[in-house]
Amino acid sequence: MTTPTTSTNPSTTGAPLAAGDTIPAWVLPITPTLVVSTAISTRDFQDVHHDRDIAQAAGSKDIFVNILTSTALVERYVTEWLHERTGDWDTDVRGIAIRLGAPAYPYDTLTFTGSVASVEDGVATLQVTGAVPLGDHVTGTVKVAVR
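Residues numbered from 1 in each chain as written. Predicted model: local features only at pLDDT ≥ 70, side-chain atom pairs only at ≥ 80, totals over all residues. Heavy atoms only, no water.

As recorded in an unreviewed UniProt entry, the chain goes by MaoC/PaaZ C-terminal domain-containing protein and comes from Nocardioides abyssi. We quote the UniProt Sequence similarities (unreviewed entry) comment for the chain here in full: "Belongs to the enoyl-CoA hydratase/isomerase family." (UniProt positions renumbered as here; feature names shortened; annotations may be inferred.)

The subject of this paragraph is the overall build of the chain. Scanning the chain for helices and strands turns up three helices and five strands. For the chain, the N- to C-terminal ordering of α and β elements is β-α-α-α-β-β-β-β. Taking the principal axes of its C-alpha atoms as reference, the chain extends roughly 50 × 25 × 25 Å. A buried classification covers 37% of the 147 residues belonging to the chain. Pairs at least 24 residues apart make up 65% of the contacts formed inside the chain by residues separated by at least 6 positions. About 7,600 Å² of surface is accessible on the chain, with carbon and sulfur atoms providing 53% of the total. Separation of charge centres in the chain, based on 9 positive and 16 negative side chains, amounts to 2 Å. (Helix = DSSP H or I, 4+ residues; strand = E, 2+ residues; numbered from the N terminus. Buried < 20%, exposed > 50% of the residue type's maximum accessible area, 1.4 Å probe, protein only. Contact = heavy atoms within 4.5 Å. Areas by Shrake-Rupley, 256 points an atom, 1.4 Å probe, with all protein chains shown as cover. Lys, Arg positive; Asp, Glu negative; His and termini not counted. Charge placed at Lys NZ, Arg CZ, Asp CG, Glu CD.)

Attention now moves to the nonpolar core. Counting 29 residues, the largest nonpolar core has Val78, Phe112 and Leu126 as its most contacted members. When contributions to this core are tallied by element, the ones reaching two or more residues are strand S1 (22-29), helix H1 (32-41), helix H3 (67-86), strand S3 (109-120), strand S4 (123-132) and strand S5 (135-145). By residue number, the principal contributor to this core is H3, which donates six residues. If sequence neighbours within four positions are ignored, Leu126 has contacts with Ile23, Val78, Trp81, Ser115, Val116, Ala117, Gly140, Thr141, Val142 and Val144. (Core = buried A, V, L, I, M, F, W, Y, C linked by side-chain atoms within 4.5 Å.)

Scanning the model with the defined rule gives four salt bridges in all. Across the pair Glu80 and Arg76 runs a salt bridge whose closest N-O atoms are separated by 3.8 Å. In this pair, Glu80 and Arg76 are both assigned in helix H3, four residues apart and thus about one turn of the helix distant. (Salt bridge = Lys/Arg side-chain N within 4 Å of Asp/Glu carboxyl O.)

Strand order in the open sheet made by the five strands is S1-S3-S4-S5-S2, with antiparallel pairing throughout. Looking along the sheet, the strands with just one partner apiece sit at the ends: S1 and strand S2 (93-100). The sheet shows a mean angle of 20 degrees between the axes of neighbouring strands, taken without regard to direction. By the bridge criterion, 10 bridges tie S4 to S5 in an arrangement that is antiparallel. The residue bridging Thr125 from the neighbouring strand is Lys143, located in S5. (Pairing = 2+ DSSP bridges. Axes fitted to C-alpha atoms, helices over the stretch in contact; angles between N-to-C directions.)

The calculated volume of the largest pocket comes to roughly 250 Å³. Along its surface, the largest pocket is lined by 14 residues, and Leu82, Thr86, Ala145, Val146 and Arg147 are the ones closest to its centre. Along the lines of polarity and charge, the residues of the lining of the largest pocket split into seven nonpolar, three polar and four charged. (1 Å grid on protein atoms, 1.4 Å probe; cavity = no way out; pocket = protein on both sides within 12 Å on 5 of 7 lines; lining within 4 Å. Points joined across faces, edges and corners; volume = space filled by probe spheres on them. Nonpolar A, V, L, I, M, F, W, Y, C, P; charged D, E, K, R; others polar.)

For S4, the buried fraction is high: seven of the 10 residues fall into the buried class. Where S3 and S4 come together, nine bridges link them in antiparallel fashion. Each residue of the ladder has a partner; that of Ser115, found in S4, is Gln127. Hairpin connection between S3 and S4: a loop of two residues separates the two successive antiparallel strands, and Asp121 in this loop has a positive phi of roughly 50 degrees.

This next bit is on unusual backbone geometry. The residue Tyr107 is not glycine, and still its phi comes out positive at about 80 degrees. The exposed category is assigned to Tyr107, whose relative accessible area is 65%. Backbone geometry at Asp121 places phi at a positive 50 degrees, although glycine is not the residue there. Residue placement: Asp121 occurs in the loop between S3 and S4.

This is the structure we're talking about:
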């Protein structure tokens with residue numbers, strides 16, 4: 001898996017989070033190995049995540065990323081950005097609420113984008129979208145404590 005490649009704007013490095021701040025995009029190539037290994041590592045042994053023939057027999061184009069992996073990738077996207085912005089790895093994630101949409105298949109490119117929706121009472125709410133060629137794969141919010 002690739003490390004998120006975000007570009008830090010020096011003028012915002014270390015600055016407090018504010019509504020309207022954007023999170024630089026993270027482009028992640030989806031490989032068969034990523035789909036299978038992350039499903040197995042999350043103890044999701046559902047065959048549609050590791051057996052193409054069974055996935056296709058169930059009506060899918062191919063195997064696809066599971067929800068636990070999608071959740072983890074959303075969290076990674078946010079925490080990597082916050083680390084890059086603040087230099088601190090100690091992000092206090094208060095909650096993640098996501099909804100799945102289009103499946104993420106091997107050989108797709110999953111592109112994450114996001115922004116700060118609000119900052120209230122010491123908690124920032126971040127809007128995140130992960131899109132694949134078929135549309136939005138995952139959309140949702142991540143709440144993080146603001147220091």
